[in-house]
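Fold and contact review
Here's the letter readout for the chains.
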Amino acid sequence: MRFPRDSFRLAAAAAAVALFAAGAPVRAEMAEINVAQQYGISYLPLMIMEDQKLIEKHAKAAGVDVKVGWAKFAGGNVMNDALLSNSLQFASGGVGPLLTLWSRTKGNLDVKAVGAINSMPLYLNTRNPNVKSLKDLTDKDKIALPAVKVSIQAVTLQMAAEKEFGPGQQNKLDALTVSMSHPDAQTALLSGAGEITAHFSSPPFQYQQLAKPGIRTVLSSYDVLGGPATFNVVWTTSKFRSENPKLYDAFVKALDEATAIINKDKKAAAEAYLRISKDKDTVADILAMLNDPAIVYTTTPQNVMKYVDFMNKIGSIKVKPDSWKDLFFPNIHGAAGS
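Thresholds, definitions, all that
Here the residue numbering is sequential within each chain, running from 1 through the sequence in written order. Note on the predicted model: pLDDT of at least 70 is required for a residue's local features to be given, and 80 or more for side-chain atom pairs to be given and counted; whole-chain, interface and lining totals, by contrast, use all residues. Heavy atoms throughout the structure, all of them, feed into the side-chain values; hydrogens and water do not. Here an axis means a line fitted to C-alpha atoms, over the contact stretch when the element is a helix, while the angle between two N-to-C directions is reported on a 0 to 180 degree scale. Only DSSP runs of H or I reaching four residues or more are called helices, and only runs of E reaching two or more are called strands; each is numbered from the N terminus. What sets the label is the angle itself: under 35 degrees gives roughly parallel, over 145 gives roughly antiparallel, 65 to 115 gives roughly perpendicular, and the rest give oblique. Note on convention: near helix rotated counterclockwise from far helix by under a right angle means a left-handed crossing. Clockwise means right-handed. Contacts were defined at the residue level, with two residues in contact if any of their heavy atoms lie within 4.5 Å. We count a salt bridge whenever a side-chain nitrogen from Lys or Arg sits within 4 Å of a carboxyl oxygen from Asp or Glu. Each residue gets one of three labels from its accessible area relative to the maximum for its type: buried under 20%, exposed over 50%, partly exposed in between, using a 1.4 Å probe on protein chains only. Pairing between strands is defined by DSSP: at least two bridges between the two strands are required.

1. Structural notes on the packing of helix α3 (residues 54–61) against helix α11 (residues 245–264)
Contact geometry of α3 with α11 gives a least axis separation of 8 Å together with a crossing angle of 130 degrees. Classified by the angle their axes make, α3 and α11 are oblique. Here the hand of the crossing between α3 and α11 comes out right-handed. Where α3 abuts α11, its residues Leu54, Ile55, Lys57, His58 and Ala59 lie against Leu247, Ala250, Phe251, Lys253, Ala254, Glu257, Ala258 and Ile261.

So, in structure tokens, the structure goes:
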């Protein structure tokens, strides 16, 4: 039986496509990824994910074997560089570094957040008895924070400076800031010597400082923002997400599970924090922090657009998202974020 010429060509083309597809290698997901975290109880979900190997667990359930490396960073600026060089797959930190990288990579790598990690207040603490407000700070004061200009503490300080000194004065206190990790900054502040007289901190450090004589709070981030707000988020590139959908999903599930673990049993979470971090604080002190109504572990973003509006207004980010959803991947879009 003879086939029409067009039918023969169609059948031959289909056979060629099938042969190519059968021989073409399937793109494998990464066998090893690196995740970054910083210091303090705000990163407790990530600490639990590492300790209990939750990413590996959920990846295995999806048929992927992965080795997960963990790194500690002092601030978001260095972390962002590592993410852009692909030596890091997931970064974590304050909203400020996320917004900076989201703006820089829009239209190419398209960095976005996987979800929030928490909502927590940040305190600017000082040992200088003469400093009652921002107006009392002088050139003799140095404020330690994770990263000058870009950390969430630095951005919050700029917002506070604008409120205190007026429009256009957001950079008035920048010259007093020094980049330091929270543990090093706390040591410097509590030493009673040296140039560091203030620390824009985070839990547990800010509470540990306030337990020492002569340390008091100048301002809280919640006062600056007019209410509770996301402190930390975790982010990655759209390229990683699209090329490694199972690993991305495993990370999301691991973060959700770690968050649920903390909220289910905060005493156990406090014990886990002390065991993992080697912090010398007591279970009672850490538990008191975890039970503070102002401290919430949640993947739902809160008040991030206030940072967006401010950073766009002063030119720190050149592109402004229409809503918080533009900053986050779709897995969290169903949440009641802001």
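2. Quick notes on the pattern of salt bridges
Applying the stated criterion across every chain, the model contains 10 salt bridges. Here lysine 149 makes a salt bridge to aspartate 174, at a shortest N to O gap of 2.9 Å. Here lysine 149 is found in the loop between β7 (142–145) and α6 (152–165), whereas its partner aspartate 174 is found in the loop between α6 and β8 (177–179), with 25 residues between them in sequence. On the accessibility criterion, lysine 149 (43% relative accessible area) is partly exposed. Of the charged contacts in the structure, one is a salt bridge between aspartate 249 and lysine 253, with a shortest N-O distance of 3.1 Å. Taken as a pair, aspartate 249 and lysine 253 lie in helix α11 at a separation of 4 residues, close to a single helical turn. The class for aspartate 249 is partly exposed, based on a relative accessible area of 35%.

3. As for the pairing of strand β6 (residues 123–126)
Going residue by residue along β6, you find Tyr123 and Asn125 tucked away on one face and Leu124 and Thr126 tucked away on the opposite face as well. As defined by bridge partners, β6 adjoins strand β10 (residues 216–220) across 4 bridges and the pair is classed as antiparallel. Bridge pairing in β10 links tyrosine 123 to serine 220.

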